[in-house]
Every structure is written in C-alpha cells, then in structure tokens.
Amino acid sequence: MSTRRTVSQKHVLYSEILSVTSAMRKNSRWAATTYFMNTRASALGSNMGLRMSTPVHDVENRRSLNKEIDLMAGFQELKRAMRDVEDVSSVPLPSILGPFFAIIRSPLSTGPITSAALSSLHKFFTCGIISTSSVDLDAGLVELSSTVSHCKFEPSDSSGDEVVLLKIMAIIQDCLCGFGSVLGDVEVCEMLETVLTTACQMRLSETLRRSAEFTMNTLVQTCFSRLHVLDAASEEEKLNANLEDIEGEVKMSVATDDVSFGDDASTSAPEPPVSAGPRVQYGLPSILELLRVLVNVLDPNDQKHTDSTRLTVLGILNTAFEEAGPRIPDFPSLKALIIDPGCKFLFQLARSDNTSVLHAALRTISTMFDTMRRHLNYLCWLTAAGTPAPDTPLLAPTEPDKDTSTQSRPSVPPAQGQTRDLLLETLNQIARHSSFMVDVYTNYDCDINCENLLERLIEFLTKSVYPIHHHDHLDIQQQNAQFLCLDLLLAFVNDMVNRAQGASQPWPSEYPAPESLMQIKSQKKLVLSAASKFNAKPKTGLAFLEENGLIYADLSSEMSKAQSLAKFLKSCSRLDKRLLGDFISKPDNIEILRAFIGLFDFKDKPMADAMRELLEAFRLPGEAQQISRITETYASIYFATQPAEIKSEDAVFVLAFAVIMLNTDQHNPQVRKRMSFEDFQKNLRGVNNGGDFSPAYLQNIYDSIRKHEIVMPEEHTGQLGFEYAWKELLTRSRQAGDLMVANTSHFDIDIFKSVWKPVISAIAYAFITFDDDYIIQRSVAGFRQCATLAGNFLLPDVFDFVVVSLSQATGLLSENLPAQVPNYPVVDVEGQSVTVSNLSVKFGTNFKGQLAAVVLFNIVNGNGNALREGWTQIFEMFQNLFLRSLLPTRMLQMEDFLGGVSMIPLRGSQPQRQASRNEGGGLLSALSSYLMTPYSASSEALPEATDSDVENTLCTIDCVASCRLDELYSQIMHLDLHALIAAIRALEALAHDRTIAKLRQESSDDGNPAEQPFSLPYDPASVFLLETMVSIACQTPQDIEDLWPIVFEHLSGLLSTPEQYSVLLVERAVVGLLRLCLIVAQFPSLRDQLYVSFDLLAGLKPVIANSVAEQIISGLVLIVQKHQSVIRSQTEWNLVFVLMRSTISHPEASRLSFDLITNLVSEGPEQHVSPDNLPGLVQLLDDFVSTAGLTIENQQHRGRRRDATTATSTPQLERGKKAVDLLVTLKKWLSTSQVPSMSKEQVWRQLWLPLLSSLSRQSTNASREIRHNSMSQLQRILLGPHEIFSDSSDSQREEIFNRVVFPLLDELLKPQVFIRDPPGMPESRLRASALLCKTFMHFEVRESSNQSDIRILWIQILDLLDRLMNADRGDQLYEAIPESLKNVILVMQATQMLVPPSADDKRSQEQRTLWTATAERMERFLPGFLTEIIPPPLSEPPSESS
C-alpha cells in the first residue's frame, strides 16, 4: 500500500520566504541589495579583525536603513539556518516565524508585503509547520498573538489594506480555533479585541466588517465552549484570588473611531512576553472580559457606540448564549454581568426605534430566556412582559383601581407596525416552552408584589386577535399580528390539555407547596383591595386590613400592633409612597414610624447608603416637622448600630439633614450654584459631639451623593426613573431567587377559570373571521381542547360558552322563525325525498358553518354532562332543522300510550272543536284534520328547485348526518341529573317562548279585543319541542321527581287556556301529561301531583275535553290499571270519575271508560270496589245509563223512532243496559261486613242510598228496557232480605220513600217524562204503583208493628195513587191501582193499623186519626171504596166530629 506523498515542509518554508522577499524587493526600500551586501562585508571584516573605514556621510543613511536591512536579513539568516536541517519541526517555532513576525510588526512594511507574510503564516498552519509537535509552540503562538494584534504597515490602497486585515483574522481564527489549548487569557483577549475592533470600525468596508463579524462569532463560539469543561467553583475561586493581577493584564476595549493601520495608541509594538514556565490555558478571566466588553457596548446611553456597533455585538452575544447559555449561570461572575447591566441594556434596546437593533435585541433576549430562564426570574420576564397591549402603556398596572402614581416602572407607548410584529414573534419563541404559562402564573400571579402577568398577557393576546382598526380589508401586518396572538393562545390551551392527559410533571419538592402559592394568590386579591383602599383613605384601608387578618394576626409578646402594621407597610409595594411617607410621619403614628424604620438593617452601612435605602422606601413629606420626626427616628435607630466616626445621636440627626440638603442641592435642576465639598464640610463643623467629622468620611458621603442621586419614589422620570425602577427590580429579583419552572397541572384549573372566556371568544372570532385553512384548523382544535378542559375541570360554564360560540358560527340559529312553515319544494333524489329550503341551500354553501356544526356536535357527543345553558342553542338548532325536514326520522315522531308513533305534521288546518268524532275512531283521530305530509294539501304554488339548490341541500344533509344528531339525542337519556335538568329547562324555555309568551305578546298587541279570545295558529315547532321534552322525561323515569316541576309548569300553562292553542298542541299536551302521570304514579312523593294533573284535566271546558277525550281516557285507563294502589281516598277516586264523566259523551272515550268500570266492578283480577270508590262508581254508572236514555231521546227527537221498544241498538244503549246490571252487582259490597270501618248508618247513607237513588232515577229512563230493568232491580233490593233493612229506623224508612220511591213516581207522572215512551210509560207507572204499595206494606205495615206514626206517609201514598189513576184513564192502570190499594188496606186492617170505628170504640188515638184521614182522602178518588173493603159495624157510634 503506497503512502500519500506531499510536498516537504522545508520546501514550503523556502517558498514562503521567497514569496515574502519578492514582495519586499518590489518596494523601493528593498529594491537594491547594495546596502545588504555592504552591511554584510562590514560585518565579515569586523569578524576577521579587519578595520573597515566608513565615510561620515554614510553613517546617518545606514542608521535609517538598519531596520529595513534587518527585515530582509532575517529571511536570509533563516534560509541559511535551515540549509542543513532536514526536519523543520525540530527547529524552535519562534526561530522559524521570527522574520515573518518582524515584517508584520514593522511600520515600514506595506500592505502587499504584510499580506504576503500573513499568507505565509496561514500556509504554515495548513501544511503543518505550526503543529502541536512544534518546538516552543506556546512561545511561538504567544508571539504570533502579539504580532497579529499589533500589526503595522503603511497604508496604500484601501482594498489591499483590507485584504491584510482579512488575513489577520484568518490567522487569528487558525490560532485560536486550532491551538487554543496553549493560549493564555492575555493572548486570547488580544486576538478577540483585534477582530472585534475590526468588526466595529465603520470606516471599513461592509464586506470586511461582515467577515470580521463572522470570524468573531466563530471565535466566541470557541471561547465560550470552554465553559462546558471548566469547573465553575475553582475558576471563580481563582478569579477572586488573582483579580488584581488579572485586571492589569486581561483588558479589552473596542475602538470604533477611525484608526489608521500605521498609527496606534502605542508607538511601538510591545515585546512578546517571556515564557516563565508551563502556560495555563485561557479560561474564565478572558471570557469574563469578553462578556464585559460586549455588554458595555450595548449601553444605549453610551454615545461612543452606534446602533451598527450594537447590532454587531448583539449577534456576537447571541452566539455566546447559543453556545454556553445553560452553563453561564453556573459562573456567578458571568451571571452577575448578564443580569446587571446585561438585562438592563437588552431591555432598553428592546424599545429601540431601529428595527434592526430591535430584532437583534429580541433575538438575543429569546436565546437568553431559552437557555437561562431559571436564573433570570423577574428580569427576562420583564422583557417578555413588555409586549404592549392595545391602548395601554407598557408595564402599566392592569388593576382598574390601582393608582398609576404608585408604580415606579417606566411607561412606554404601545408598539405598532413592524415593532409589534417583532415583539410578538419573540413572545411566540419564548412561549414555546410547555410550562411557560404555568411559570408565569406561579412566579408572578402568585406573588403579592407582582402584577397578574398571566392575566395581563392573556388579555393582551385575546384583544390582539381582534383588529385594532376596523377596516374592510385588514393589512397583512395587522393580520400577521392577529395570527401570532392566536397561535400563542392555542399553544397555551394545547399545553394545558397535554398536561391534563398525562404530560404533567411532578411539582419539585424544593419549591413552595402549590397550596401555599394558591393561598398567596387569594391573599393577593385582598392585598390589592387593601392597598387601593389605603391609597384612597388610610383609615379605611387599615380597617379593611384588620378585618381580613392582613395585620394584627401575628400579635405576640414580641410583635406589637405597630410592628405588625409596619411590617405590612414596608412589604407592600402597591402603596402610594407619597401617602405612606405622610402617614408614618404623623404625630399619632410615631410608634409605627419607629417600627417601620426599625425594619431596616443599617449595621455596618455607610451613612449615605443607609439614607439612600431609607428614603427610597417612601416619599419624604414636604412639611419640616414631618421630616424632623423621620430624621429623629432614623438617627436613634442608626446610632444604635454603632456607626464609625459618629459620636452622638444628634450628630446622626444633623448629618441626615445635611445629606438630604446635599442631595437636593446637587441634583435639583433649579439650583445653579452647586455646593462644593468645602461648603459641605463647613456646614458640619463641630456637630459630631462638639468635634468634626474626618475629611475622608465626609468626602465619601459627598462623592456618593454627587455621583448617585438618592432617587425618591415617584420623583423622577426618564432615564433616572428607569434606573430607580431597575434597581428596585434587581432587589426583588434577588429576594425571589431563581425562577420556579415546572410543567405541572396543579394550577391549570385556576388558570383556566380566570381566562377561559376571553380565550374562547378570541378563538371563536378567529374561526368566524379568518379564511386561512391552518388558522381554521387550529381554531377547531382549540374549541375541542377547551371543551376537553371544561369536562376535565367540571366547568359547565366553559362548555356552555364553547357551544354557544360554535353554534353562532354554524348559521343554524335564526332570530325569527316563520309563524307558518313556507311551502318548500320536495325533490326525489335516488329514491329519497329531499326538502329544498332556504336554510338547506344557504347552509350547504357555508363551509365554515358546516365545519362548526360538525365540531360542535362532535364535542357535545359524549360530553353532554358538561353542558348546561348551551342546551338552549342545541335544541334551537334542532328546532330549525326540524322545520326544514332535516332531522333524523326518530326525532320527528310523536309517541302515544299504546306504543304507536306518527310524524309531526309541519302544516295543518284548525279543525272544528265542536265536531264529534265517529264511533270507533283511532287513538290519534285528531290528526285526521292535519296533513301528514307537509305540502300536499296546500294550494300554494311550489317554487322551483334548481340543480345547484339540490346539490347544496345534499351537502347540508351529509353535514347533518356527520353531526350524528340521533346519537346525541340518545345520549340525552343517559345524562347526569344536573345536565338533564338543564336540557329540560332549555326545551321548556324554547317551548314557552313559542306558546305562552308568544300568546301573551300577540294578545297584548291586538288592539281590538273581540268576544272570541285570541288563538295562535298551528306551530309545528311548539309541538316538536313539547314532544321532545316529554319524550326525554318519560325515558328518564329515575329523575322524574326533579323533571316533573319543569315539564308540568309548561303543560299546565298550555292547558289552562287550551282554547287559544291548536287542537294538536293541546292534544299532545294532554298525552304528554298523562304519559308522565304513568311515571309519577310510581313515586309516593309525587302522588299529590297525580291528582293535581287529574284536576287540571277535569277543569277543561267541555268542547276541549271532548276533543281530547280519547287521549284522556286512554291515559287514565292505563294509570288505573297499572297503579290502582295509588288511588286510595274517596277524593282521589272522585277525581278519576270526574275525568271519566267529562268524556262520557265521546263515543270512543266512553267505551274505554265503561270497560274500565266493568273491570273494576266485575269479577276478575282487576276488580276493585271499596267504600272510597263505590259512590263514585254508582254515580258514573248512573251517568252511563242516563247517556243511554239521552241517546233514545235524541233518536225520537230526530223522528227516527217513536217506539222505544224498537229503538236502534247503539253502543251507548248497550252500555246503559249493562250499567244497570253493574249497579245491582255493587250491592254485594254494601253489607256491613264488607265495610267494617263504617257504621250501619254510614253504610246506609253513603252506600245504599246512592245506589237506590240511581235505580230510582233510571226507572224513568227513556229506554223501556233500562227503565223496567231498573225498576225490577229496585224492587228486588227493597223487598229483598238485606241486612241493612233489618231493624231499619224511622228515618231510614222515611228516606226510602222520600228519596227513592216517591221521586220515582213523581218523575213518571211528569208529562215530559211520559213523552219519552208514551206506549210503554203506562206500564212503567203500573209497575211503579205496585212497587209503591209493596214497599209500603214491606216497610211500614209488616215491619212497623204499629209502633210508628205513618199517617203522613200513608196520605202521600194515597195522593200518588190518586194521581196515577187520574193521569191515565186507561183500563189497565185504572183497574190495577184499586186492586193494589185493596190489598194494602186489607193488610193494614189485619195488622190493626187501619181499624174502623165500633160501638165500644176501643181504638187508640192514632188509629182513629189514620182511619179518618184515610176515609176522607179515598173518598176523593174512590168514593165508597174503603167501606166496601172494610164494612162498618151494624150500630154506628156517634160521629167523632160530633
């Protein structure tokens, strides 16, 4: 394997010597070799002992040419020395480089010659002559460093000269980057100074300066990389130990003035340092010096440096931070330099009007923050917080109640245009850390003495998303700012979501506990309020402080009230310093003043520094007495620290006054003649306990005050005010320590609670306004993430706000819905009917609206439990989609009791309420008047639907399908209680607005009230909302106790004035109410609500009740069948029966009612008869029988039939017949054994008597069959062996006749009753007369045993029989009555009730009276009938009348 052959190093050396000497010979100085030869001859002769004569005139010439000759001779000697050397690396490096160094250092050299020498040095680096194996490498490089740093040559043309400088920088780069390990701090500083000076000299060309800047960046990168290998502790220790020596040697400066290449500050190049042992590689001293120089150049108040210079240095400093930023804070000296004045200068440059400087400063700030943010605390954050909010000054307080005079920070006008964009870009770069917002919150918002920086930042970002100037067309710059702010907000939300999903880091144990920070945050609000109140009125503020435990809570034997208050006053930075000074210096507050000043640590502090610290804590009052009190107290406390030079407390007092006067004299612009030191010294003669202060002591005080003014709070603005604010900031930064940095989720819920509303509003605005796809995509993600956070943090308000914001963007919310659905065209698309409406067309073209809808419903799907007020928007969109036939079929249906469903009609005509429905109509026959298809019955012309309209409608249908509305509807049934209640309330509110509220409004707008009440036309949306509400409530029976009040309120509102609403709406309200009652019946706590509902339905007007009778009874039947046990009391049964009675005229309803009663009364599993429902059952059955009679009468009136026996058999008649049988069936429940809780008297009056009265009434029914059956049943009961009739009382027997039998005959004798059935009525009268006689004989003749007085009753019977005989002269009745009467009289005679007079006449008074009354009454209609039946005795006794 062959080795690579290269040119020999000796050849390279010779070639470079030739190159340099050739360049020299081109110059007139070295053009001739005479001098060189003569000089050599002279030297040779001298060496050989010869004496050479020299002309006098040549002496001076030779002296001037010695330097030139020596430069050339050096190369000749090097060539001769190297002639016999084979290995160049064996020769000491300084010997090889010496001639080249001499040329570079010589001012006699020209640009081309120096350039050739520098090229040679560069060649030596590249070919290896200068290498790590070179002899005396360190000495050679040290000399090289000194040489190139002090390069001298005569200027010629500028371009050639700049080539020299370029080569110098190349050599420095070769040296420092390749052989830095053998360079010391001094050499490195020399080289860095050379390159930095070149980069900053404005007279040089742009190319050269940029090249120098590039080289400087490379060198800085190399130097600062040393920090990664240096031990910080040892380097700092060395630095402190050798500080004085290092400062004398390691020194850099930047010359930006025009410096010629031939003239330098020093007239001759310094001698290269002599190596005194192994050299130490450069380290912290040179890096510190470099950093010091760079930072000092940034000072914006230093007029020596221009913005161009600062721009260059900012780039270099940024490179340093990029290379070793995380390592710099480990070195206290470097960290201190960065913090002050580095951050101060950067902060000021970040407000530069020069856009380039601003950009460079912000870039450096962002790099510094990225690499050192943990160690900067307030300082870098202050820079980051400088982003201006619209219409507010930078760093201005955000609290509205805070006095701006209390803020000592500089006020900067808001940035605009490109400056604003740069600031925002920087803020985006800084905020890319996922913990950024958390860090801001924990370090600032949770610090009592800091502003709520996070809230302020979010406020700025959210406001900046909106345009500052409202133009039709936003300029690109403003839109870019909006995008940047939105991006920051979305990143903030995204980071929070990531933490919630597991990216959260544990909170470091060395930091204060999160709970304590949150306590500080809550206390901060109190402190701000207290400070505001104190600034307005100290007395009020103190009361507030004490009330909230901010003062006096730490009282003890060591802590007095004055000390507690003073501690707060000193620590609270929000107080008005002027007011504070006035407050503590009042005579009443002397103890507070003493405690306040006692909090300062004046131990070992010079007088000027102690006064400065004190007077910067508050504003010195203007009144002399107040100043005197402050000064006296200060003198006492300061003297107690035993200060040097001061011998008495009075001396401190006088000296303090003198310091205050000196500060005013030296720095008040109105004072023209300043106090000299001699004047100051003269004023203080003899005040130090009779002696004088030493001149040195007073000189120190004088110089301190003269050079550095004591800046009192709120006294200065501009640069002086900034310096004071910066000093205050540094103090707070030192107190706060390092920044707390942790990407934790501990504070996320509190952060999110404080900022969610403006954040979501800004995202919604961006989504609606911006057309950029990326922004829209990010906004959609932001909505999702905000909804996720709302669900995680259980913040329904946030979720509601997201839903509301998105719903407004959908375009599916309309303010005014039409009262009647317009006539939309319906087209057939692939077998599917598509309704083309204005909404479907518009929404189909609204991409953002479709996107918002999909996002909205995807967010709500699965997160319904987090929703509260947002349900209103959800159901409002449902409503609008329903009216355009865009909802899924399941959501368009109405449910009924028996499981049937039907579609909600979109259009309908108002039916006649008075029209009765035909027998056997279906359960939903009310819908027959409505159009089950939306448009078929309309006479309006259908508008044409274009192909474009159909296509847009299909887009809408696809979007609605993507929203998965049916899934959301299903999820509603499984919501938690609070969310479910919110959903029902939203539905009720929407339904209320479309019905009750609308009716109230339109009724009030009707200026001419008519007799007929105003009624609303059919509104399908109100039916839809009602059906949805009821359906949800019915499918969540477990929550009916909470949902019932909401739904019932709406239903009762509709049913209280049903005549003002459409029939279908009322019908659906009734169905909904009864469907809910089926569920309510299962809950004992709602039992009373069941009967409230029954009462509401029972109160419907007849015409309304008839129109919804079928629905009422269907629901009622189900309730009674399924929940019969809940109907217990007589009142409850009566309500049920009242409902049934109100619908008895309706054919289908009456059928259902009668079936229910039959089941209750008849034998079977559903049989249920009790004392509570028996009277009601009797009454209801009686009504059914009466209805049958009315049916017969109606047929007779219409002339259809005259003979009741041949009357058409109708369902009503059949039910009437069966009702009579059921009435009789009830008698088995009337024994006292069946009702042991009731007395015999109660059984009679409450149970028996109503039953007998009902049969009595129905014995006059128009139906002959019913009439005769009733009379027969009545007779059987009255004459039967019933327990209730045994031992009957007089009153009971009297009620049988007066309330049962007599009313029956009275009714039969009425003409209007007779005409009901003229052919059959005589027979009925005949039966009634027989019933009368039999009942009398059964109860009065046989059972009375002559114990009661029956005269009145007997006479009433005779009257009735008289009327019966005379009412109809027909043979049948006329003959039957006397026969019946004869039987009665005979029985009465047999029982000695009716006894004729006799000769001895032993009758009782009652017998005499009864006989006489009977004889007189019967003579009127049957003369001689009584004597015929009971003949008188043969001998008449004297007449009783005589």
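Residues numbered from 1 in each chain as written. Predicted model: local features only at pLDDT ≥ 70, side-chain atom pairs only at ≥ 80, totals over all residues. Heavy atoms only, no water.

## Things to note about the overall build of the protein chain
Quick note on the threshold: We count a stretch as a helix when DSSP gives it H or I for four or more residues in a row; a strand needs E for two or more, and each element gets its number in order from the N terminus. Categorising residues by exposure relies on relative accessible area from a 1.4 Å probe, with only protein chains included: less than 20% of the type maximum marks a residue as buried, more than 50% marks it as exposed, and the intermediate range marks it as partly exposed. Contact between two residues is taken to exist if any of their heavy atoms lie within 4.5 Å; hydrogens are not considered. Here the open area of atoms and residues is found with the Shrake-Rupley method and a 1.4 Å probe, where only the protein chains shown may cover a residue.
Scanning the protein chain from N- to C-terminus turns up 60 helices and six strands. Looking at the protein chain as a whole, 54% of its 1442 residues qualify as buried. If you take every contact in the protein chain between residues at least 6 apart in sequence, the share linking residues at least 24 apart comes to 77%. Surface summary for the protein chain: the accessible area is close to 63500 Å², and the carbon and sulfur share equals 50%.

## Overview of the pattern of salt bridges
Note the following rule: Any Lys or Arg side-chain nitrogen found within 4 Å of a carboxyl oxygen on Asp or Glu counts as a salt bridge.
What the rule picks out here adds up to 36 salt bridges. Across the salt bridge formed by arginine 1151 and glutamate 1148, the nearest N and O atoms sit 2.2 Å from each other. Pair noted here: arginine 1151 and glutamate 1148 are both in helix α49 (residues 1147-1161), with a separation of three residues, about one helical turn. We classify arginine 1151 as partly exposed; its relative accessible area is 31%. Across the pair arginine 1245 and glutamate 1295 runs a salt bridge, and its minimum N-O distance is 2.2 Å. Within this pair, whereas arginine 1245 is found in helix α52 (residues 1240-1258), its partner glutamate 1295 is found in helix α54 (residues 1290-1308), the two being separated by 50 residues in sequence.

## Topic: unusual backbone geometry
Residue aspartate 340 is joined to proline 341 through a cis peptide bond whose omega torsion reads 20°. Within the secondary structure, proline 341 sits in helix α14 (residues 332-349). Notably, tyrosine 552 is not glycine yet its phi reads approximately 65°, a positive angle. Positionally, tyrosine 552 belongs in the loop between α22 (538-547) and α23 (561-571). The backbone of glutamate 830 sits at a positive phi, close to 50°, despite the residue not being glycine. You can see glutamate 830 is positioned in the loop between β1 (826-829) and β2 (832-835). By relative accessible area, which is 84% here, glutamate 830 ends up exposed.

## A short note on the nonpolar core
Put simply, the rule is: Buried Ala, Val, Leu, Ile, Met, Phe, Trp, Tyr and Cys residues that are joined via side-chain atoms within 4.5 Å together make up what is termed a nonpolar core.
By size, the foremost hydrophobic cluster in this structure holds 380 residues, and its most contacted members are Trp871 and Ile874. A per-element tally of this core places helix α44 (residues 1063-1080) first, with 12 residues.

## Let's talk about the pairing of β2
Our working definition: For two strands to count as paired, DSSP must find a minimum of two bridges between them.
Direction of pairing for β1 relative to β2: antiparallel, over a ladder of four bridges. Residue pairing for β2: aspartate 828 is matched across the bridge by serine 833. In sequence, β1 turns back onto β2 through a hairpin of two residues, with glutamate 830 there showing a positive phi of about 50°.

## Here's the deal with the environment of aspartate 87
As for its position among the elements, aspartate 87 is in the loop between α3 (56-81) and α4 (93-105). Relative accessible area serves as the criterion here: at 41%, aspartate 87 is assigned to the partly exposed category. Here the alpha-carbon distance between aspartate 87 and glutamine 9, two residues 78 residues apart in the chain, equals 8.1 Å.

## Comments concerning helix α9 (residues 206-225)
The cut-off we apply is this: Here the expected length of a helix is defined as 1.5 Å per residue gap, with one fewer gap than residues.
If you check α9, its first and last C-alpha atoms are 28 Å apart, about what 20 residues at 1.5 Å a residue would give, namely 28 Å. Within α9, the full set of buried residues consists of Leu208, Arg209, Ala212, Glu213, Thr215, Met216, Asn217, Thr218, Leu219, Val220, Cys223 and Phe224.

## Examining the packing of aromatic side chains
Definition in use: A pair of aromatic rings is counted whenever rings of Phe, Tyr or Trp (Trp by its six-membered ring) have centres within 6.5 Å, and the orientation is called stacked for planes under 30 degrees apart, edge-to-face for over 60 and tilted otherwise. Only Lys NZ and Arg CZ are tested; either one counts as a charge over a ring when it is within 6 Å of the ring centre and within 35 degrees of the ring normal.
Overall, the coordinates contain 35 aromatic pairs when judged by the stated rule. Each ring, one from phenylalanine 677 and one from tyrosine 702, has its centre 5.8 Å from the other, and the planes form 70°; the classification is edge-to-face. With phenylalanine 677 in helix α29 (residues 677-683) and tyrosine 702 in helix α30 (residues 695-707), this residue pair connects regions lying 25 residues apart in the sequence. Owing to a relative accessible area of 12%, phenylalanine 677 belongs among the buried residues under this scheme. Between tryptophan 1133 and phenylalanine 1137, the ring centres sit 5.5 Å apart and the planes meet at 25°, which makes this aromatic pair stacked. A residue pair is termed a helical-turn pair when its members lie 3 or 4 positions apart in one helix, as tryptophan 1133 and phenylalanine 1137 do in helix α48 (residues 1130-1142) at four residues. Considered together, tryptophan 1133 and phenylalanine 1137 belong to a single accessibility category, that of buried residues. Of the aromatic side chains, those joined through ring pairs into one cluster are Phe596, Phe600, Phe602, Phe618, Tyr634 and Tyr638. Across the ring face of tyrosine 282, the terminal group of arginine 226 is positioned such that the distance to the ring centre comes to 5.5 Å.

## Quick notes on the packing of helix α32 (residues 748-769) against helix α33 (residues 773-792)
Counted only if it meets this: Helix axes are fitted to C-alpha atoms over the stretch in contact, other axes to C-alpha atoms as well, and angles between N-to-C directions run from 0 to 180 degrees. Any angle that falls under 35 degrees is termed roughly parallel, while one over 145 is termed roughly antiparallel, one within 65 to 115 roughly perpendicular, and all others oblique. Put simply, a crossing is left-handed when the front helix is turned counterclockwise from the back one by less than a right angle, and right-handed when it is turned clockwise. The classification used treats Ala, Val, Leu, Ile, Met, Phe, Trp, Tyr, Cys and Pro as nonpolar, Asp, Glu, Lys and Arg as charged, and all other residues, Gly among them, as polar.
Running from amino to carboxyl end, α32 crosses α33 at an angle of 150°, the nearest separation of the two axes being 10 Å. Our classification of the angle between α32 and α33 gives roughly antiparallel. Judged by the sense of rotation from one axis to the other, the crossing of α32 with α33 is left-handed. Only Ile775, Ile776, Ser779, Val780, Gly782, Phe783, Cys786, Leu789 and Ala790 of α33 make contact with α32, whose side of the interface consists of Phe752, Ile760, Ile763, Ala764, Ala766 and Phe767. For the contact of α32 with α33, the residue count by class is 13 nonpolar, two polar and no charged.

## With respect to the packing of α9 against helix α12 (residues 284-297)
In contact at an axis separation of 10 Å, α9 and α12 are set at 135° when each is read in the N-to-C sense. Classified by the interaxial angle, the pair formed by α9 and α12 is oblique. α12 is crossed by α9, and the crossing has left-handed handedness. Between α9 and α12, the contacting residues are Met216, Val220, Cys223 and Phe224 on the first element and Ile287, Leu290 and Leu291 on the second. A class-by-class count of the residues in the contact of α9 with α12 yields seven nonpolar, no polar and no charged.

## Notes on a positive patch on the surface
Cut-off, in case you're wondering: Residues with no salt bridge and a relative accessible area higher than 30% make up the patches, which join like charges within 9 Å and nonpolar side chains (Val, Leu, Ile, Met, Phe, Trp, Tyr) within 5 Å. Positive charges come from Lys and Arg alone, negative charges from Asp and Glu alone, with His and the N- and C-terminal ends not counted. Charged groups are reduced to one reference atom each: NZ for lysine, CZ for arginine, CG for aspartic acid, CD for glutamic acid.
On the surface, a cluster of positive charge is made up of Arg25, Lys79, Arg80 and Arg83. Mapped onto the secondary structure, arginine 25 falls in helix α1 (residues 9-25).

## Remarks on the environment of threonine 367
Definition in use: Residues adjacent in sequence count toward polar contacts only when both atoms are side-chain atoms; beyond that, a polar contact is any pair of N or O atoms within 3.5 Å, and within protein one must be able to donate a hydrogen and the other to accept it.
With respect to the helices, strands and loops of the structure, threonine 367 is situated in helix α15 (residues 355-376). Not counting residues within four places of it along the chain, the set of residues in contact with threonine 367 comprises Asn318, Phe321 and Glu322. Separated by 3.0 Å, the side chain of threonine 367 and the backbone oxygen of arginine 363 make a polar contact.

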